[in-house]
Amino acid sequence: PAPGPTAIDQQQRLRGIALVLVVDAVPGAQMEGVVFYDDREHVVYAKSLVSRRTREVMALGGTRAPTAVRAVWRKDGRYDYSHATWYGGTILGDHTIPVAARIPDEVLRDIRAKGGALRLKFRLKPDGVLFGWDIERPGGGISRFDMPGGDFLETRY
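Because the structure is a prediction, the values reported are computed rather than measured.

**Focus: the environment of T6**
Relative to the elements of secondary structure, T6 occurs in helix α1 (residues 5-13). Each C-alpha atom of the pair T6 and A101 lies 9.1 Å from the other, and the pair is 95 residues apart in sequence.

Next up, the structure:
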């Protein structure tokens, strides 16, 4: 189905903003066969094991920011090398998280005025997904993280 005006409006809000994806899990949790899909069901992230220890930070390429992310993890899944994704097995988690609508306008205005990249932070837990954000800026050899928000606020792990 074609996105409604709300999805298009949310997409426009994030146009031209550099995005960084940060993925980990709450302490003690491990999710296997993890796949993130955007609102068009394109795979934007896939990993065999997500835990606190396997935290990953990566640029989110493409010209379109996700208005939502669907996070799925499974047990005993199989990896499809041709599509770089996991399938099969038993699904243990399947959660859709609104993304664009949760980012405050002030954060986007600040990035446009002062530069930086918007970090979209996803923390998996056995019963769901926490979502947060902040602005990553260079800070003389070490990145600075401004304006954290969402379900958790820490910027350093």
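**Remarks on the pattern of salt bridges**
Oppositely charged side chains may form a pair once their charged atoms are brought near each other. Under the criterion given, the structure shown has 17 salt bridges. The partner of R109 in a salt bridge is E106, with the nearest N and O atoms 3.8 Å apart. Pair noted here: R109 and E106 are both in helix α2 (residues 105-114), with a separation of three residues, about one helical turn. Judged by its relative accessible area of 45%, E106 falls in the partly exposed class. For R144, the salt bridge goes to D146, with nearest N and O atoms at 3.1 Å. The class of R144 is partly exposed, set by a relative accessible area of 40%. For D146, a relative accessible area of 18% puts it in the buried group. One salt-bridge network, held together by shared partners, links D110, K114, R137, R144 and D146.

**Thoughts on the nonpolar core**
Ranked by internal contacts, the top residues of the largest apolar core, which has 33 residues, are F36, L118, L120, F122 and L124. For this core, the secondary-structure elements that each account for two or more residues are β1 (19-25), β2 (30-38), β3 (43-51), β5 (68-75), α2, β9 (117-125) and β10 (128-137). The contact partners of L120, leaving out residues within four places of it in the chain, are L19, V20, L21, V22, L60, V99, I103, F131 and G132.

Thresholds applied
Residues numbered from 1 in each chain as written. Predicted model: local features only at pLDDT ≥ 70, side-chain atom pairs only at ≥ 80, totals over all residues. Heavy atoms only, no water. Helix = DSSP H or I, 4+ residues; strand = E, 2+ residues; numbered from the N terminus. Salt bridge = Lys/Arg side-chain N within 4 Å of Asp/Glu carboxyl O. Buried < 20%, exposed > 50% of the residue type's maximum accessible area, 1.4 Å probe, protein only. Core = buried A, V, L, I, M, F, W, Y, C linked by side-chain atoms within 4.5 Å. Contact = heavy atoms within 4.5 Å.

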